[in-house]
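# Breakdown of the fold
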Amino acid sequence: MSPTYYRAKVKTPLEFMASALRVTNAHVTDTQKIAQILNLMGEPLYLCEPPTGYPDDAKAWVNSSALLDRMNFSLILLGNKPRSPARVNLTQIDPSLSSGDDGKKILRGFFQALLDGQVSANTQKVLFSKLDDPEISHAVLDDRQKSFEASQLGALVLGSPDFQRR
């Protein structure tokens with residue numbers, strides 16, 4: 001329980017997926033697809049050969065491919081596309097999380113809802129700076145009004161280092 005070790009370990013793909021589904025109160029509609037995504041993340045269900053189980057250290061789970069897979073899962077989960085393996089009601093997570101023009105408000109809502117407000121200053125700084133990115137703001141250079149997609153901002157929070165730790 002030492003503060004030095006609090007949230008020092010990285011979640012395994014199964015822990016990441018389970019915590020993302022749980023914190024978003026997702027309704028899983030296709031368990032087969034969920035298992036396939038978990039397989040892509042590197043932790044297929046019941047297929048670990050050594051008797052010791054899957055690795056429990058960050059070096060097995062933290063690399064560019066694995067983190068990209070986690071981010072893609074977050075986008076799929078919160079995107080509610082027609083073929084998505086789970087459904088998430090963003091307004092059930094937080095009623096103020098509708099898409100709109102106040103990206104900081106949406107991010108703060110996700111910080112509270114997904115991270116229980118326990119977000120590092122560095123993560124806040126990086127994610128708030130992303131609000132100027134045209135991919136996120138859906139704006140061109142001369143647009144004064146920006147519109148933010150709440151599902152994309154939520155995926156950034158799920159993909160953040162703060163959510164990756166247990």
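Residues numbered from 1 in each chain as written. Predicted model: local features only at pLDDT ≥ 70, side-chain atom pairs only at ≥ 80, totals over all residues. Heavy atoms only, no water.

### With respect to unusual backbone geometry
Convention followed: Using a 1.4 Å probe on the protein chains alone, a residue whose accessible area is under 20% of its type maximum counts as buried, one over 50% counts as exposed, and one in between counts as partly exposed. Going along the chain from the N terminus, every DSSP run of H or I of four or more residues is numbered as a helix, and every run of E of two or more is numbered as a strand.
One non-glycine residue, Asn80, lies in positive phi territory at about 50°. On the basis of relative accessibility, which here comes to 28%, the residue Asn80 falls in the partly exposed class. Backbone geometry places Asp116, a non-glycine residue, at a positive phi of 55°. Note on placement: Asp116 falls in the loop between helix H6 (103-115) and helix H7 (121-129).

### Comments concerning the pattern of salt bridges
For clarity, the threshold we go by: Whenever a carboxyl oxygen of Asp or Glu lies within 4 Å of a side-chain nitrogen of Lys or Arg, that contact is scored as a salt bridge.
Considering all chains together, one arrives at 2 salt bridges under this definition. When the shortest N-O distance is used, the salt bridge between Arg166 and Glu15 registers 3.2 Å. Separated by 151 residues along the polypeptide, Arg166 in the segment after helix H10 (161-164) and Glu15 in helix H1 (residues 13-23) bring together distant segments of the chain. Judged by its relative accessible area of 34%, Arg166 falls in the partly exposed class. Classification of Glu15 as partly exposed rests on a relative accessible area of 29%. Between Asp162 and Arg165 there is a salt bridge, and its shortest N-O distance comes to 3.5 Å. Under the relative-accessibility criterion, Arg165 is labelled partly exposed at 35%.

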